[in-house]
Amino acid sequence: MESVRAAIPIYKRIIATRSKLGETANLALGYGYLATLHAALSEYDEAERLFSKADAILAKKNGPAVNRAWLHNNRGLARLKYGQYAGALESFRLATAALSLQKEQKGSQWRFLTLQNTASAYVALGNPAEAESAFLETLDVLESSGRRGSDAHQAACANLAIFYARLGDLETSRVALEKLLAERALSRSNRRLALYNLGHVLSARREFAKAEARMREAQALTRKGTEWYTTILVNRAALYNRSGRFDLAAVIGEEAYRRVGLRYGEDSAATAAILHELAVTALNRNDLAEAERLLMRATSILAKDSSKEEAFVTATRTLALVLQRRGEHDRAVALSREALEVAKKHLARMLAFGSEAQRLAYLSEAAPYDQLAALGEPNLLAEAVLTMKGAVLESLLAERALVRASSRTQQVRLDRINELKVAIMEKIGRGEGKTETLERALKAEQTTLARTLAPRLRQAEAPARLQDVQAELDHDQVLVEIIRYQHQGKGGALVSAYGGLVIPRTGTPTWIPLGDGRTIDDGVERIVGRFGGGRGPAAVGPDASVADAVRDLHDRVWKPLARAFSPATRKVLLSPDGSTAFVPWAALLDDEGRFVAERWELAQIGSGRDVLRAKTTTPAPVNTFVGLGDGADDLTFSRQEVEYAGAVARKNGLSPMILLGECASERALFRHPRPRILHVATHGDRLRGGVDKAVHDRLSRNPMYRAYLLLGGGTITLDAWRRGSVVPFAADGILTAEEASTLDLRDTWLTVLSACHTGDGDVRTGEGVIGLRRGFTLAGTENLVLSLWAVDDRATSEFMKAFYDRLFKSDDPSHAFHTTQRAELLRWKRELGVDDAVHRAGAFVLTR
């Protein structure tokens, strides 16, 4: 800073000399340089005065475009520094406009700088859609001017990766940064930038050893005393706090604090960041008074800067946790509500902008329940859950519903999105190289659609209030929201846990901690992991009895929840999270040997907001039953099942379309949109080692490609895959979850996936299971029947026939399903025992 101060009188003398020649472009540049120096010293009023003076001279003399661009760009950077983000954006726009008038190559090459800075301004303003557009345009400008691989292009790639990390899309960011680091001609500064940010991303992914190695590499490329050196220290302190190495966090944090104060001052965002890390260290040492003092300072700084809302939310949640531990419950609740309101704003912004992948990534990193679960305030937890749980899936469904009621232009865009998804999947399956162009096109279509529809969706949507959800419950019904969250375990390290929020029809919800996440996950795996193979003869493994496992899980999870039910409760709406999406809830066994289904009628939903969704009250335009069976031509009972269900449907006024064997093809399925009932009885699975490893590795990276139903012609495809070949995806007989999401089931009352593993997939905390169940939900079906594991052909056929016998009598899929499952569980328990009953009848789940 001393060198900057020393430069000011020098430039004042230069300006005095130039002013003798009148108001020239050189004089304007002198004022601009002097303004930039004052901005570096945080003397913002003087900087603005000088920038205005320089701008007035250039405008009056119609100075060179490149000079005007330089001045506006520097003014924008200064405004970014002192928080005038709207003004900064305007300056960068003026700079870009000036450069567009510059015919020289130099001007066109400089344009990437102003675009990059424009993106930074949009980030600060909380407009990720425009920020991403500016980042991508920066890359386009550099590549079109032949500068791919240049230092500027490398820096732009790194900045885009950092942007995605900030959105929570850690995987995209990690891949981009590692790709950048693999380049041989990477400059020292860009290598440091990439290493530092990769360390940050790896830390967020809890890969602490790798994160520390990357940050140390970045620090080795950095001179002590520089801004970069200080920034790396701050983030190393955060890394050590996150990994539970608090002694090291304290040492590094104190050094970082000294350097931050000297470089940025006591009221900077950097100071707030290190204060938060020092507070986390104090909290984990149980020095609550010191933690509160540090966090009060941090939040007061961050509250003044709208671009630091995410940091403000994090610091506020930590402060609420400190206050809770100090016994100041009311203050903790007030702060938690404040943080929740900001988090809800961020979520709404992301849902109105991002692609599906970006939305999922953001929500998975948002961790909205961690601190609230520790607080244990049920009404606040209910508000958070009813706002955020399943929000991505609901946003996509809302968009699709709006598109289908909109202009042809929007419908064409949705069709284009579906086509791009399939094209990407096919290219990946074929191993035909890079898919970046297709993926970028997909992201562009998705974000454009989201941005176009956002205003109309905001007008249509209403917040899901607790009282509104409660009003939709029956008098004998409760809603149970399962939440997977993290809390501090021994030594301060974060560990996973589950809890349940029991919401009655009237009164206050009850929050029930359910215990260690890993223990519950292992309990679920003890059950689900027992049953494998395809839809064929029953095969239960030789491990410890399933009966013991369902009793243990009942005692750990269901029993604590049921204690909060009123004596009148007969129905339970269950919204699972994490691995509890794979729990055979109806088949859990109590101390008296009774299944849960014997006492309660269960139905699963994505989140409590689902009860507010309008139910189908009128018949579908095409009142048909579409049944596909035995795609591999080797399942006798599945054929009988489809024909029986079709006959029952005919008796109840539906027109059946029965497709069996080779006729049960993908093309046939897509030719019959919007059926009243869709029933698929065939093989279902996920990619396994039985296919060629190369094909498996390519497709299995995405859970929406990995889960599939085997339709007509699918066995030929599997044989080809085993040989390492791939046939055209559009009619290969393998209906993946991604392809299923492109079906039109908007008026479909019921979809039954009577096959193995149709409920399988990858769990996303707060967003359910990514697999066939998500694919068919996105397609629009109202009710969906799934299986949790490999099921027996004959037992499944019997189950489904009994289900259809009850379906039209009650005209309620949930009730018909419950009564069928209860009866089948008891029948198989009498005939073969608990293990076989769970296997044959406990596998099925109805979601709505």
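Counting restarts for each chain: residues are numbered from 1 in the order of the written sequence. Side-chain atom pairs in this predicted model are given and counted only at pLDDT of 80 or more, local residue features only at pLDDT of at least 70, and totals for whole chains, interfaces and linings cover all residues. Side-chain numbers come from the whole structure's heavy atoms, not from hydrogens or water.

Some points on the overall build of the protein
By definition, any uninterrupted DSSP run of H or I lasting at least four residues is a helix, any uninterrupted run of E lasting at least two residues is a strand, and each is numbered from the N terminus. Looking only at helices and strands, the protein features 36 helices and 16 strands. For 848 residues, the compact-globule estimate of 2.2 N^0.38 gives 29 Å, and the C-alpha radius of gyration of the protein, at 30 Å, lies within 12% of that figure. The C-alpha extent of the protein, read off along each of the three principal axes, is 105 × 60 × 45 Å. Exposure categories follow from relative accessible area, calculated using a 1.4 Å probe and restricted to protein chains: below 20% of the type maximum is buried, above 50% is exposed, and the middle band is partly exposed. Taking all 848 residues of the protein together, the buried fraction comes to 57%. Here, residues are in contact when the closest pair of their heavy atoms is within 4.5 Å. Here the contacts in the protein between residues at least 6 apart in sequence split such that 70% fall between residues at least 24 apart. When the accessible surface of the protein is summed, it comes to about 34,700 Å², and 50% of that surface belongs to carbon and sulfur atoms. The charge count includes Lys and Arg as positive and Asp and Glu as negative, but it does not include His or the ends of the chains. A single reference atom marks each charge: NZ on Lys, CZ on Arg, CG on Asp, CD on Glu. On the protein, the mean spot of the 116 positive side-chain charges and the mean spot of the 104 negative ones are 5 Å from each other. C-alpha atoms define the radius of gyration in this analysis, and the globule rule sets the expected value at 2.2 Å times the number of residues to the power 0.38. Only the protein chains shown count as covering a residue, and every accessible area follows the Shrake-Rupley method with a 1.4 Å probe.

Section: the environment of Pro-576
One can find Pro-576 in the loop between strand E4 (571-575) and strand E5 (601-604). Along the primary structure Pro-576 and Asp-151 are separated by 425 residues, whereas in three dimensions their C-alpha atoms are 48 Å apart. For Pro-576, the residues in contact, after removing those within four places along its chain, are Lys-389, Ile-482, Ala-581, Gln-604 and Ile-605.

Details of the packing of helix H13 (residues 246-264) against helix H14 (residues 269-284)
Relative orientation of the contacting elements H13 and H14 amounts to 155 degrees, with a least axis distance of 9 Å. Compared by their axis directions, H13 and H14 come out roughly antiparallel. Note on packing geometry: the crossing formed by H13 with H14 is left-handed. Facing H13, whose interface residues are Phe-246, Ala-249, Ala-250, Gly-253, Glu-254, Ala-256, Tyr-257, Val-260 and Tyr-264, H14 presents Ala-270, Thr-271, Ile-274, Leu-275, Leu-278, Thr-281 and Asn-284. Between N-to-C directions, angles span 0 to 180 degrees; the directions come from axes that are lines fitted to C-alpha atoms, helices contributing only their stretch in contact. Every angle not falling under 35 degrees, over 145, or within 65 to 115 is termed oblique; those three ranges are roughly parallel, roughly antiparallel and roughly perpendicular. It is the rotation of the near helix from the far one that decides the hand of a crossing: anticlockwise by less than a right angle makes it left-handed, clockwise makes it right-handed.

Here we look at the nonpolar core
By size, the foremost hydrophobic cluster in this structure holds 149 residues, and its most contacted members are Phe-163, Leu-628, Leu-678, Leu-709 and Phe-776. With 10 residues, the single largest contributor to this core is helix H17 (residues 329-351). If we skip the residues at most four places from it in the chain, Leu-628 touches Val-642, Leu-659, Ala-664, Ser-665, Leu-669, Leu-678, His-679, Val-680, Ala-681 and Leu-711. To define a nonpolar core, start from buried Ala, Val, Leu, Ile, Met, Phe, Trp, Tyr and Cys residues and group those joined through side-chain atoms within 4.5 Å.

Some words on the packing of aromatic side chains
Paired rings are identified among Phe, Tyr and Trp, the last through its six-membered ring, by centres lying within 6.5 Å, and are further divided according to the angle between planes into stacked (under 30 degrees), edge-to-face (over 60) and tilted (the rest). Overall, the coordinates contain 16 aromatic pairs when judged by the stated rule. Where Phe-135 meets Phe-163, the ring centres are 5.2 Å apart and the plane angle is 45 degrees; that geometry is what we call tilted. Pair noted here: Phe-135 is in helix H7 (residues 128-144) and Phe-163 is in helix H8 (residues 151-166), with a separation of 28 residues, a long-range link. In this structure, Phe-135 and Phe-163 share a single accessibility class: buried.

Details of unusual backbone geometry
The backbone of Arg-674 shows a phi angle near 55 degrees, a positive value even though the residue is not glycine. On the secondary structure map, Arg-674 appears in the loop between helix H28 (666-670) and strand E8 (677-681). Relative accessible area serves as the criterion here: at 23%, Arg-674 is assigned to the partly exposed category. One non-glycine residue, Asp-811, lies in the positive phi region at around 55 degrees. Along the chain, Asp-811 turns up in the loop between helix H34 (793-810) and helix H35 (813-832). In this structure Asp-811 comes out as exposed when scored by relative accessible area, which is 53%.

Regarding the sheet that holds strand E10 (residues 707-710)
Working definition: the strands of a sheet are paired by backbone hydrogen bonds and lie parallel or antiparallel to each other. Taken in spatial order, the three strands of this open sheet run E9-E10-E11, and their pairing is antiparallel. Here the strands that pair on one side only, and so sit at the sheet edges, are strand E9 (683-686) and strand E11 (734-736). Across the sheet, the axes of successive neighbouring strands diverge by a mean angle of 30 degrees, strand direction being ignored. Across the face of the sheet, helix H33 (residues 772-779) comes into contact with E10 and E11 while running at roughly 75 degrees to E10. The pairing criterion for strands is at least two bridges between them, as found by DSSP.

Some remarks on the packing of helix H12 (residues 227-242) against H13
Relative orientation of the contacting elements H12 and H13 amounts to 150 degrees, with a least axis distance of 8 Å. By the angle between their directions, the pair H12 and H13 is classed as roughly antiparallel. For the element pair H12 and H13, the recorded crossing hand is left-handed. Along its contact with H12, which presents Glu-227, Tyr-229, Thr-230, Thr-231, Leu-233, Val-234, Arg-236, Ala-237, Tyr-240 and Asn-241, the element H13 presents Phe-246, Leu-248, Ala-249, Ile-252, Gly-253, Glu-255, Ala-256, Arg-259, Val-260, Arg-263 and Tyr-264. When the residues that make up the contact of H12 with H13 are grouped by side-chain class, the tally is 12 nonpolar, four polar and five charged. Side-chain classes follow a simple rule in which Ala, Val, Leu, Ile, Met, Phe, Trp, Tyr, Cys and Pro form the nonpolar group, Asp, Glu, Lys and Arg form the charged group, and the remainder, Gly included, forms the polar group.

Overview of the pairing of strand E2 (residues 494-503)
For E2, the buried fraction is high: eight of the 10 residues fall into the buried class. In sequence, E2 turns back onto strand E3 (residues 510-516) through a hairpin of six residues, with Gly-507 there showing a positive phi of about 95 degrees.

Quick notes on the confidence of the model for the protein
The predicted model of the protein has a mean per-residue pLDDT of 87, with 93% of residues at 70 or higher. pLDDT gives the predictor's per-residue confidence on a scale running from 0 to 100. Ranking the elements of the protein by mean pLDDT puts helix H29 (residues 693-699) last with 68 and E8 first with 98. Contacts of residues 536-542 to residues separated by more than four positions or lying in other chains number 16 contacts, the stretch itself having pLDDT below 50.

Quick notes on the side chain of Glu-399
With respect to the helices, strands and loops of the structure, Glu-399 is situated in helix H21 (residues 391-404). Residue contacts for Glu-399: discarding those within four places in its chain leaves Leu-351, Arg-359, Leu-449, Ala-450, Leu-453 and Leu-457.

A few points about the environment of Gly-515
Looking at the secondary structure, you find Gly-515 in strand E3. Between the C-alpha atom of Gly-515 and that of Tyr-498, which follows or precedes it by 17 residues, the distance is 5.8 Å. Setting aside chain neighbours within four positions, we find Gly-515 in contact with Ala-497, Tyr-498 and Ile-520.

Re H17
To estimate the expected span of a helix, count its residues, drop one, and scale the result by 1.5 Å. Taking 1.5 Å per residue, 23 residues should reach 33 Å; H17 reaches 32 Å between its end C-alpha atoms and fits that length. Turning to H17, its buried residues number three or more, namely Ala-332, Val-333, Leu-335, Ser-336, Ala-339, Leu-340, Val-342, Ala-343, His-346, Leu-347, Met-350 and Leu-351.

A word on the side chain of Arg-840
One can find Arg-840 in helix H36 (residues 834-841). As used in this structure description, the phrase polar contact means that two N or O atoms lie within 3.5 Å; if the pair is within protein, one of them must be able to donate a hydrogen and the other to accept it, and residues adjacent in sequence are counted only when both atoms belong to side chains. In this structure the side chain of Arg-840 is engaged in a polar contact, spanning 2.6 Å, whose partner is the side chain of Asp-836.

Quick notes on the pattern of salt bridges
Here, a salt bridge means any Lys or Arg side-chain nitrogen found within 4 Å of an Asp or Glu carboxyl oxygen. Using the criterion set out here, one finds 49 salt bridges in the structure. Close ionic contact of Arg-111 with Glu-137 constitutes a salt bridge, the shortest N to O distance being 2.8 Å. Pair noted here: Arg-111 is in helix H6 (residues 105-124) and Glu-137 is in helix H7, with a separation of 26 residues, a long-range link. Taking the relative accessible area as the measure of exposure, Glu-137 reaches 29% and is therefore partly exposed. Among the ionic pairs, Glu-143 bridges to Arg-148, the shortest N-O distance being 3.3 Å. Classification of Glu-143 as partly exposed rests on a relative accessible area of 29%. The network of salt bridges with shared partners includes Glu-171, Arg-174, Glu-178, Arg-205, Glu-207 and Lys-210.

Thoughts on helix H22 (residues 408-430)
When the terminal C-alpha atoms of H22 are compared, their 33 Å separation across 23 residues agrees well with the 33 Å that a helix rising 1.5 Å per residue should span. Phi turns positive, to about 65 degrees, at Gly-431, one or two residues after H22.

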